[in-house]
Every structure is written in structure tokens, then in C-alpha cells.
Amino acid sequence: MTDRAFYSDSIEVFYRRSAEEILGILTKGGMALEATQRDAWLSQIALLRDSLGAYVGRGRLYFEYVVPRIGRRIDVVLLIDHVLFVVEFKVGTAVFNTAAIDQVWDYALDLKNFHETSHAIAIAPILIATKAKAVLTALQSTKHADGVLLPICLSPDCLILGIEEVLAHCQGVALVAADWEHGRYRPTPTIIEAAAALYSEHSVMELSQSGADRTNLTQTSKTIAAVIRQAREESSKVICFVTGVPGAGKTLVGLDIAAKDRDESSELHAVYLSGNGPLVAILREALTRDKVRRDLEIGKKTKKGDARRPIETFIQNVHHFRDECLLDVGPPREHVAIFDEAQRAWNKEQTVSFMARKKGRPDFSQSEPEFLISCLDRHPDWAVVVCLVGGGQEINTGEAGIREWIEAISNSFPHWRVCISPQLEEGEYFAQDVLTALTHANRVSFDEGLHLSTSMRSFKAETVSDFVKELLDLEEEKAATLLESFYARYPIVLTRSPARAKQWLRSQARGTERYGIMVSSQAQRLKPHAIDVRYQIDPIHWFLNGKDDVRSSFYLEDVATEFHVQGLEVDWGCVVWDGDFRYSEAGWGQFSFVGNRWQNIRKSERQSYLKNAYRVLLTRARQGLVIVVPEGDPEDVTRSAHFYDPTYEYLRSVGLAEI
């Protein structure tokens, strides 16, 4: 029996065992056996006995096959000849609803994408409604041409016919069950899935897709754990900087550290903090919903409020943490604080202004990094601050970048040590000169284990973030070379039609793969295309709700900006490019729409924010992207063709295919 299934056997042995014996083995899989589950299994066993007689000696079956990334179990997996069948039963119903179809499709896609020995084989998702009569939907391949068929809905009396049609339709060599079973499962979860898994006490090791990702993530987690352990043993204070490309798993590492030390009574108790309001709200809501669902599956009814309370301690908004430290001058409960997106902390000017206006503290004189470090410095013995840093990710006024943290350590905390990645010396972090001074003072130690170099978000193309960097840096040849290297696995297409882009998104997404439209917060002249950035979406609805909710990303009505999507992702993305960020032979031009016309952005800081906004938007998609550069309108001076055409031509020159 494979460790991934409650029960597995060759089809031949399956026929030799009694239903009661099979049921007994299934029960040992750890599931509490209720009458409904017992009856469902007996129904499935009987149905398969009626249908698989012709395949004795030709395959193997697996009951309750675990899919870790999704946190669910497939009812039955069948290996017959050269095809893998993913079978989901809906016992006692005659209907095939959309949710059930998406469910079995998700299972098939998960195996195709993340199970090593399923990559190159034909996979047929089958949905059986046990009360249906004489139903067999037509076999169809998808445009992805990856061997996953469209879900087949059938009634029990048509299962044999369905299997025969699939075997005849698909090409391939006979599968060896032992080889298939030994394939490694290497998932790349979304940050929402990863947070739920870590909160349910999975390890970061289980959540990485490739060998390189696993080594990188595990090494980074171990490096931070060693820093924390040493600080505690030596009663010292350390600030640790973790760098990484977009989508490399910085948030995942932070959540992993916090999840390991959730016990508030422990001295090693850590807190995950983020100033990204949408990210905090979405993660809290997602973990709450997941906790309620998991409890319900084991027969326990949990109120959302009860599920949410410990989660709000695990994941906190950095501004709430800051406000508590303003009110209480004692040391915080935590000795370890993990600051995600640390580059977005406010500089001194922004913090002083905010404290005077909003908190009634006109005498406040620190930057946000300096104050946050001072809070941990209140501990008389030891403390560790972990800063998760994305280069080129500052997108809002007053966001200081990583330099402000290093200057605070240099000027105000001479007893703190610094552990950093060598990549922090690179230009996009803008901290070289301050680091040099600290290095000369022997306060800095460098560790390659503190850099995450491989993007996990785009699991089909690890170099998408590199492509976006070269594209925005106007390195046309480098961008074109990178695009060519991954385009077959990760399509990026170009159009002038928002309607065509929506059609492309819907045609690409399968199962519950999420898609949505994203735009710059400065994209003020997209209103003729029914895109108004001034309308404030609820990111929880946009990211978490289903296809039947008009507020969700699936409806393609509400759009998200860089502030909503930073740190998060969709499977298939659409970026609509406005005249705020324009290409010309002189380089990128940055504009804001004020009153009734575009105005040049002249401050270099604001120019960087806008470039970074597009960097964020262009790196959100996990599987593919469509970019829309709308046509200009000769009758509208605010949407002149020369605001859009050069950008379109530049993107096309890099090699983006037009649709």
C-alpha cells in the first residue's frame, strides 16, 4: 500500500478481497468511520467491482488518495494501461454541479503539475453521480495540450464505456504502478494554501516544488532558527535580513518560523507582522475558513469567531503591534518579531507626520524601523528581528526601503549584530554605503542561506521575475531571451482589447484556478473600459470568494491594484496598462492624472514607486499573463494614441505574442 492512500491494491487482488476486508483497511487509514462514510465506501467498492472486471491484470487502484497541497483526498485513483483516472463519486445524487466538476478537475491538475511521475501521462478526471442514468459527456482535450482531459461526467452504468473511450482516445505506453507510486510530490502552494498548511503544522519542506526550492527554503529556515538559538544562548540581540526575488517564498519562510513557535508561553514565541493590510486580512480570513472547514470534516462545529482569535495572534498587522508598544513601554511578549515586506516601513518624515496627526505625539522623532527595533530592544536579555525584504518593492509614499533599517541599527543600536544575505549589497536595495560602514565595524555577518533566489510563484517558469526586471530596465534583448526560454510553459500574451483579454483568461483557467484583472493605482484613464481605480474593492472577497460571487476576481468586474495584490497571487493574471507609465525612446515616462490632464512625475522617489507598481503587477500570476495596452482615442486628449502605442510596440518587440 502506498503511503499516500488509505487502501491500494492491484485490480486483481481487489476482486479477491471481500468488501468487509477492504472496508477494514480503509478504516485503519485514520478516518473516524461514520455511517455515511461507511455506506459511501461500500457503494464505491460495489460499483467498481461491477465495472473493472475487464481490467484484471491491467492496473491498480487507490482509495482515499491524499493530495497534500489542497488538503483533500481523492475518492479513487485508477491506473489502467496507459491512463491515470481520477475518480470522484457523488453518492446519492443525480446532478453534476459546477463545484463537483471543479473539484475533480483540481485533483487531476494537482497531480499533473506537482506529482513527478504524473507530468507526462494522460489524466482523465471522472465525476460519477450514483443516481444518474445513462449519462456520459463527450471526451475533450484542452488547449493546454498537457494530457489532462476535460472532466467527464457519467452515470455508474456508463463507467465501463467511459474508461474504454478514454483508453482509445489517449496515447501512451503502459504505466508501471510501482514507478508511478515512487514519484515525488513537489507542490508549489499559493501563499494562502501555504499559510493554512503551516498553521496546520505542516513543515516548509512539504511545501516546495523542486529540489532547488526545497533546499533554498529549508536552508533559509534553518539559518534563521540558528540565529534565534544563538541569540538566546548568548543573550544577544540580532537583526536578520532575508532577501529574495518576487515569489521566492519570503512570506512562507516568515510564516514557517512563526508557526513553529506559536506557543505564547514559550520564550521562543515568535510573531509574524506585516504592514500589508490586505495580506493580513486575507490570510486571517483564509485560515479561519480553513479551520472551520477542517473541524466540520471531523464532526466538530467551530464558530468563526472562536477560530479567528488564535489566528489574530499568529498573524498581526505591524501597525497594531506598533500602537500597543506606544501604549505599553514594557517589552513585548515576543522575543522574536518577523517583519514581512520590511522595505515598506515608513521613513522618519512619514512616521513623525503620522504620529503628530493621528496619535497626538508631536514629540515623536523616530522612523518606523527605529521605533520597531527599540520595542524589541526593551528586552533585557535577548531579541531577534527578522526582516523579509523584496528588492524594488516600495510602492507608496514614505516607504523607506531597507536602508532605513540599517541606518537605525548603525546610529541607535550599537549593541545589535546584523546577519544579512550578500545580495543586500546589490543596487536595487540601495544600502551599500551604510552596509560598508557596519562591515568595517565588524557588526555584520554574511550568509548565502538568507537569500531566496528561485521564484516559487511561477512554478512553470522560475525566471519570470527576471524577465520582468529586464523588461522594466529596458534590457530588450535580455528580456526577449528570457521570454523565449519559458514561453511554452508560461504564456505571456499581448492585446489591445480588454474583452479579448477576459476571454483569454476564462479559456486558460481550469477547475478553481483563480484569475483576475490588475491595474496600477495611478491608472485613472481606464474608465472608458469600465475600470475605475477609485472604487475600493474588498480584497477578501476578490481573493477568496468563488465564481458565483460578483465581488470575486472571477467576475472580471472589480480590479485590484498593486496595494491589494502585493504578496499575493492569482493563477492567471491580466494587467491593463494605462498612460501613467509610458514607453518612449528616451525611456519610461511617469505620469499622474490630476484634474483633467496627465502631469509629469518629476520626483525620482515617486517615479520609482510607479515602476515598482508595475513590477508588482507583472509578477503576480502563477501560470500565465495577458497584458492589455488599450487603443488610444483621437477624440479624447487624455487618451491620445501616443500615450499607448509606443508601449505596445515595445512589448511586442520583446516577443510577446498578440491575441
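Coordinates for the structure precede this section.
Every chain's residues receive numbers from 1 upward, in the order its sequence appears when written. Thresholds applied to this predicted model are a pLDDT of at least 70 for local features of residues and 80 or more for the giving and counting of side-chain atom pairs; totals over whole chains, interfaces and linings are not thresholded and use all residues. As a rule here, side-chain values cover all heavy atoms of the structure and leave hydrogens and water aside.

> I would appreciate a short explanation of the overall build of the protein in the present structure.
Helix and strand definitions follow DSSP, with helices as H or I runs of at least four residues and strands as E runs of at least two, each counted in order from the N terminus. Check the secondary structure of the protein and you find 23 helices and 22 strands. In this description the radius of gyration comes from C-alpha coordinates, and the expected globular size is given by 2.2 Å times residues to the power 0.38. What you see for the protein is a C-alpha radius of gyration of 27 Å, in line with the 26 Å of a compact globule of 659 residues. Looking at the protein as a whole, 58% of its 659 residues qualify as buried. Contact between two residues is taken to exist if any of their heavy atoms lie within 4.5 Å; hydrogens are not considered. Residue pairs at least 24 apart in sequence account for 75% of intrachain contacts in the protein once pairs closer than 6 positions are excluded. Accessible surface, the protein as shown: approximately 26,700 Å² in total, 49% of it carbon and sulfur. When the 76 basic and 90 acidic side-chain charges of the protein are each reduced to a single mean position, those positions are 3 Å apart. Per-residue accessibility, obtained with a 1.4 Å probe over protein chains only, is compared with the maximum for each type, and a residue is labelled buried under 20%, exposed over 50%, and partly exposed between these values. To measure how exposed things are, a 1.4 Å probe is used in the Shrake-Rupley method; for residues, cover is taken only from the protein chains shown. Working convention for charge: Lys and Arg count positive, Asp and Glu count negative, and His plus the chain ends are omitted. Taken as the charge centre is NZ of Lys, CZ of Arg, CG of Asp or CD of Glu, depending on the residue.

> Explain helix α4 (residues 98-114) here, please?
A turn of α-helix holds 3.6 residues, and therefore any two residues three or four places apart point the same way. Here α4 spans 24 Å end to end across 17 residues, near enough to the 24 Å set by a 1.5 Å rise per residue. Within α4, 14 of the 17 residues are buried, leaving the element largely enclosed by the surrounding structure. Polar contact criterion, stated in full: a pair of N or O atoms within 3.5 Å, where within protein one must be able to donate a hydrogen and the other to accept it, and residues adjacent in sequence count only if both atoms are side-chain atoms. For α4, the N-terminal cap is N97; the gap from its side-chain oxygen to the backbone nitrogen of A99 is 3.3 Å. In a helix, the anticipated span is given by 1.5 Å times the number of residues less one.

> Whenever I open this one, the pairing of strand β17 (residues 570-576) confuses me. Can you help?
Strand residues, when the strand is regular, have side chains that alternate between the two faces of the sheet. Of all seven residues making up β17, seven are buried, and the element is well covered by its neighbours. Here, any two strands with at least 2 DSSP bridges between them count as paired. Pairing of strand β16 (residues 515-519) with β17 involves five bridges; the strand directions are parallel. The residue of β17 that forms the bridge with I517 is C574. Taken together, the six bridges between β17 and strand β21 (residues 621-628) define a ladder with parallel strand orientation.

> Looking at this structure, how should I read the sheet that holds strand β18 (residues 581-584)?
Strand-to-strand pairing in sheets goes through backbone hydrogen bonds, with the strands running parallel or antiparallel. The three strands lie next to each other as β18-β19-β20, forming an open sheet whose pairing is antiparallel. Looking at strand neighbours, the two that pair on one side only are β18 and β20 (597-600), the edges of this open sheet. The sheet shows a mean angle of 45 degrees between the axes of neighbouring strands, direction not considered. Where strand β19 (residues 587-594) and β20 come together, four bridges link them in antiparallel fashion. Paired with V594 across the strands is R597, a residue of β20. To obtain each axis, a line is fitted to C-alpha atoms, and for helices this fit is confined to the stretch in contact; angles are then taken between N-to-C directions over 0 to 180 degrees. Strands β18 and β19 of the sheet are contacted by helix α22 (residues 604-618), whose axis makes an angle of about 100 degrees with β19. Strands β18, β19 and β20 of the sheet are contacted by helix α23 (residues 641-654), whose axis makes an angle of about 70 degrees with β18.

> Looking at this structure, how should I read the sheet that holds strand β22 (residues 657-658)?
Taken together, five strands build an open sheet; the order of strands is β16-β17-β21-β15-β22 and the sheet is parallel. Each edge of the open sheet carries a strand with a single partner, namely β16 and β22. Sheet strands touched by α23: β15 (492-495), β21 and β22. Its angle to β15, the strand with the most contacts, is close to 150 degrees.

> Where do I start with the environment of L326 in this structure?
Here L326 shows up in helix α12 (residues 318-327). Distance from L326 to R361, taken between C-alpha atoms, is 9.9 Å for residues 35 residues apart in sequence. Once residues within four sequence positions are removed from consideration, L326 is found in contact with M355, R361, F364 and F371.

> Explain the pattern of salt bridges to me, please; I cannot follow it from the model alone.
Side chains that carry opposite charge are capable of pairing whenever their charged atoms lie near each other. Just to be clear on terms, a salt bridge is a Lys or Arg side-chain nitrogen sitting within 4 Å of an Asp or Glu carboxyl oxygen. The final tally for this structure, using the stated rule, is 38 salt bridges. The shortest N-O distance in the salt bridge between R186 and E116 comes to 3.9 Å. With R186 in the loop between α6 (177-181) and α7 (191-199) and E116 in the loop between α4 and β5 (122-129), this residue pair connects regions lying 70 residues apart in the sequence. Residue class for R186 comes out buried when judged on its relative accessible area of 17%. As a salt-bridge pair, R293 and D290 come within 2.9 Å of each other at their nearest N and O atoms. Of the two residues, R293 and D290 are both situated in helix α10 (residues 277-297); the distance of three residues between them amounts to about one turn of the helix.

> Explanation requested: unusual backbone geometry in the structure shown.
Peptide bonds are trans in most cases, and residues, glycine excluded, mostly fall at negative phi. Non-glycine residue A145 carries a positive phi angle of around 55 degrees. Its place among the elements puts A145 in the loop between β5 and β6 (152-154). Classification of A145 as exposed rests on a relative accessible area of 71%. Although it is not a glycine, S235 sits at a positive phi angle of roughly 50 degrees. The topology assignment puts S235 in the loop between α8 (211-234) and β7 (237-244).

> Where do I start with the packing of aromatic side chains in this structure?
Aromatic rings from Phe, Tyr and Trp, taking only the six-membered ring of Trp, are treated as a pair when their centres fall within 6.5 Å; an angle between ring planes under 30 degrees marks them as stacked, one over 60 as edge-to-face, and anything in between as tilted. Considering all chains together, one arrives at 26 aromatic pairs under this definition. With a centroid separation of 6.1 Å and an interplanar angle of 75 degrees, the aromatic rings of Y62 and Y65 are classed as edge-to-face. Stacked on the ring of Y648, the Lys or Arg R496 has its end atom at 4.5 Å from the ring centre. Comment: the charge-over-ring label is applied if NZ (Lys) or CZ (Arg) is within 6 Å of the ring centre and within 35 degrees of the ring normal.

> Could you clarify how one ought to interpret the pairing of strand β4 (residues 83-90) in this entry?
Within β4, seven of the eight residues are buried, which leaves the element mostly enclosed by the surrounding structure. With five bridges connecting them, strand β3 (residues 72-80) and β4 associate as antiparallel partners. Residue pairing across strands places I80 opposite V83, the latter belonging to β4. The hairpin turn running from β3 into β4, its antiparallel successor, is two residues long, and D81 in that turn takes a positive phi close to 55 degrees. Where β4 meets β5, eight bridges bridge the pair, whose relative direction is parallel. Of the residues in β5, the one forming a bridge with V87 is I126. In this view, the connection linking β4 to its parallel neighbour β5 by way of α4 has right-handed handedness. Seen with its strands pointing away from the viewer, a crossover is right-handed when the path leading from the first strand over the helix to the second is clockwise.

> Any chance you could explain the packing of α7 against helix α9 (residues 250-260) here in plain terms?
The relative placement of two packed helices is expressed as an angle between their axes plus a distance between the axes. Two elements in contact, α7 and α9, have axes separated by 10 Å at closest approach and are oriented at 15 degrees. Put simply, α7 runs roughly parallel to α9. Here α7 and α9 pass one another in a crossing that is right-handed. Counted together, I191, A194, A195 and L198 of α7 and T251, L252, L255, D256 and A259 of α9 form the full contact between these two elements. For this classification, the nonpolar set comprises Ala, Val, Leu, Ile, Met, Phe, Trp, Tyr, Cys and Pro, the charged set comprises Asp, Glu, Lys and Arg, and every other residue, Gly included, is treated as polar. Taken together, the residues of the contact of α7 with α9 sort by class into seven nonpolar, one polar and one charged. Note that the term roughly parallel is reserved for angles under 35 degrees, roughly antiparallel for angles over 145, roughly perpendicular for angles of 65 to 115, and oblique for everything else. Crossing handedness: left-handed means the near helix sits turned counterclockwise from the far one by under a right angle, and right-handed means the same turn made clockwise.

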